[in-house]
There are 2 protein chains.
Amino acid sequence: MDNTATRTRIQTKNRQAILDAGLAVFAQQGFRGATLDQIAKAAGLSKPNLLYYFPSKEAIHVALLAGLLDTWLDPLRALDADGDPVGEVLAYVRRKLELSRDFPRESRLFANEILQGAPRIGPALSGELKELVDEKATVIRGWAAAGRIAEVDPYHLIFSIWAMTQHYADFDVQVHAVLGPERADPYPSAGAYLDTLFRSLLTPRNVT
Amino acid sequence: MDNTATRTRIQTKNRQAILDAGLAVFAQQGFRGATLDQIAKAAGLSKPNLLYYFPSKEAIHVALLAGLLDTWLDPLRALDADGDPVGEVLAYVRRKLELSRDFPRESRLFANEILQGAPRIGPALSGELKELVDEKATVIRGWAAAGRIAEVDPYHLIFSIWAMTQHYADFDVQVHAVLGPERADPYPSAGAYLDTLFRSLLTPRNVT
DNA sequence: GCTTGATTTGACCATTCGGTCAAAGCAACG
DNA sequence: CGTTGCTTTGACCGAATGGTCAAATCAAGC
């Protein structure tokens, strides 16, 4: 079943349906909160049929997480050392916000995993993730040293971008509760706000 | 058992032990992920004994959430319309960050609840919480209109403060994984970074 | 249309979990 | 020291849950 080369149309279709359903259920209920019956129902399959495609509940979860980190890091990878510093960071913020808007379930799945202490992707965090962040932090530090952006801690800069963009996906319920029904879609104004926020932080001024 | 006036020393002690244990377990495992056995063990009690003090697992969870929102909002309540605008916001940020540092389990409990769609405190969000935020948003808007701080969307300003401060508690594992073992305590540098960030956003300049 | 392998399912199982209960233990007070 | 009411627990229960399996169904090539 894990041999990608040997997949019938039905297999591809059903595996996808299961992953979709699993994403929806895991994102809202967490790993332990999700049940195979819920996932099976959401996928339009019976429970044994679901287990014909994936050996266990955990396998579905792992399959989902596997692709996730990569997609999640793509926007950061695209941060170009040779580009315009402020523009590069702002573009990163924008891409990350779009990810939250377009893939809120993925964001919540990730949030759940981290909240639980990252039992399944812990290693990837201190490996892959840390390496990429270290690399980009060096780039940002270089920009600051050259006076092209203000002096900031690159790690906290990145954390703050993550925190604020993911907030709109993960805490969606709270955001909507506070904004009320009038302002149904917070993303346009959030984009503008974040743009202002990071622009004013990074734009270098009164160079000493 | 819910009559606070009639509490023996033993009752007060054990109820507190249960709430402590519940906080630890719920914060890490989420509501469905937590089991009564885990909580009982963490509290040093037997499961039936635990249910002698609280009628159900849900009752423990509710008791925990009950006090939480209030504590969580106190720092925002303290935002003083008559104080120095930039100073007031920065003080709010600092208090909120201290809350994350000193009560990370409470923060994660809250995060879990929101991620799950706020099934238990949803009403409080669109009630109490929204009212307070609306009130403070008006204050901030007033400051901006008077030219005492830069023009910003007060709601997104508040969201960003929440997001960034809670990030250090909720995504603690990720923060530590990225920073590595050298920078064990991120809070001092996070405080400095957030101070810079919001100061540069809010400080009014080139008044038109 | 028949064979073969892929797909689907009803029935079932072991374990876990929230919760109950009756009985035992214990502290305090007269 | 005996009574009374608070506290603790071992044994148990029913429901839910992850997972199994053998048998039934179906799709596709010959």
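Position labels on residues start from 1 in each chain and follow its written sequence. Starting at A for chains and at 1 for ligands, labels are handed out in the order in which the entities are written. It should be noted that, the model being predicted, local features are given only for residues of pLDDT at least 70 and side-chain atom pairs only at 80 or more, the latter also being counted only at that level, while totals for whole chains, interfaces and linings use all residues. Here the side-chain values reflect all heavy atoms present in the structure, with hydrogen atoms and water set aside.

**Side note on the protein's contact with DNA strand D**
Neighbouring DNA strand D are 19 residues, the closest being Leu 36 and Lys 57 of chain A together with Thr 8, Gln 11 and Tyr 53 of chain B. Backbone atoms, meaning sugar and phosphate, make up 57% of the atoms of DNA strand D lying within 4 Å of the protein. One of the backbone nitrogen or oxygen atoms of Ala 34 of chain A is found 3.2 Å away from a phosphate oxygen of DNA strand D. Take Ser 46 of chain B: an N or O atom from its side chain is 3.2 Å from a phosphate oxygen of DNA strand D. For the purposes of this entry, the term helix denotes a DSSP run of H or I that reaches at least four residues, the term strand denotes a run of E that reaches at least two, and both are numbered from the N terminus. Of all the elements in the fold, those that place two or more residues in the surface near DNA strand D are α3 (47–53) of chain A together with α1 (9–33) and α3 (47–53) of chain B. When we say a residue is near a molecule or strand, we mean one of its heavy atoms is within 4 Å of it. By the criterion applied in these results, polar contacts are pairs of N or O atoms within 3.5 Å in which, for protein atoms, one can donate a hydrogen and the other can accept it, and in which residues neighboring in sequence qualify only through two side-chain atoms.

**Things to note about the protein's contact with DNA strand C**
Contacts to DNA strand C come from 19 residues, most closely from Thr 8, Gln 11 and Tyr 53 of chain A together with Leu 36 and Lys 57 of chain B. Sugar and phosphate atoms constitute 57% of the interface atoms of DNA strand C, taking the interface as everything within 4 Å of the protein. Taking Asn 14 of chain A, its side chain carries an N or O atom lying 3.1 Å from a phosphate oxygen of DNA strand C. A distance of 3.1 Å separates a phosphate oxygen of DNA strand C from a polar atom in the backbone of Ala 34 of chain B. For the surface near DNA strand C, the secondary structure elements donating two or more residues are α1 (9–33) and α3 of chain A together with α3 of chain B.

**Here's the deal with the nonpolar core**
In this text, buried Ala, Val, Leu, Ile, Met, Phe, Trp, Tyr and Cys residues form a nonpolar core when linked through side-chain atoms within 4.5 Å. Burial classification: accessible surface area is computed with a 1.4 Å probe over protein chains only, and a residue below 20% of its type maximum counts as buried, one above 50% as exposed, and the rest as partly exposed. If you look at the biggest cluster of nonpolar residues, it comprises 149 residues, and the most contacted ones within it are Phe 198 of chain A together with Phe 198 of chain B. Contacts are assigned to residue pairs that have any heavy atoms within 4.5 Å of one another. Apart from the residues lying within four places of it in its own chain, the contact partners of Phe 198 of chain A are Leu 90, Val 93, Leu 157, Ser 160, Ile 161 and Met 164 of chain A together with Tyr 193 of chain B.

**What to know about the packing of aromatic side chains**
Stacked, tilted and edge-to-face pairs are distinguished by plane angle, under 30 degrees for stacked and over 60 for edge-to-face with tilted covering the rest, among Phe, Tyr and Trp rings (Trp via its six-membered ring) whose centres lie within 6.5 Å. The full count for this structure, using the stated rule, is ten aromatic pairs over all chains. Ring centres of Tyr 168 of chain A and Phe 159 of chain B lie 6.2 Å apart, and the angle between their planes is 85 degrees; this geometry places the pair in the edge-to-face category. One end of the pair, Tyr 168 of chain A, is in helix α8 (residues 154–170); the other, Phe 159 of chain B, is in helix α8 (residues 154–170), on a second chain. For the residue pair Tyr 168 of chain A and Phe 159 of chain B, the accessibility class agrees, reading buried in each case. Ring geometry for Phe 159 of chain B and Trp 162 of chain B: centres 5.8 Å apart, planes at 50 degrees, overall tilted. Pair noted here: Phe 159 of chain B and Trp 162 of chain B are both in helix α8, with a separation of three residues, about one helical turn. Here the two residues Phe 159 of chain B and Trp 162 of chain B agree in accessibility, since each one is buried.

**A closer look at the interface of chain A and chain B**
At the interface, 55 residues of chain A touch 54 residues of chain B. For the chain A and chain B pair, buried surface summed over both sides reaches about 4,800 Å², with 67% attributable to carbon and sulfur atoms. Salt-bridge detection follows one rule: a side-chain nitrogen of Lys or Arg within 4 Å of a carboxyl oxygen of Asp or Glu. The tally of links between chain A and chain B comes to two salt bridges. Where Asp 153 of chain B meets Arg 183 of chain A, a salt bridge forms, and the shortest distance between an N and an O atom there is 2.7 Å. Counting every contact that joins chain A to chain B gives 16 residue pairs in polar contact (both at pLDDT 80 or more). Listed by contribution, the elements that provide at least two residues to the side of chain A that touches chain B are α1, α6 (104–115), α7 (122–145), α8, α9 (172–179) and α10 (187–202) of chain A. Looking at the side of chain A that touches chain B element by element, the count peaks at twelve residues for α8 of chain A. Under the scheme applied, nonpolar residues are Ala, Val, Leu, Ile, Met, Phe, Trp, Tyr, Cys and Pro; charged residues are Asp, Glu, Lys and Arg; polar residues are all the others, including Gly. Tallied by class, residues from the side of chain A that touches chain B come to 29 nonpolar, 18 polar and eight charged. Here the quantity called buried area is the total loss of accessible area, with a 1.4 Å probe, experienced by two parts when brought into contact, counted for both.

Honestly, it's all geometry; don't read function into it.
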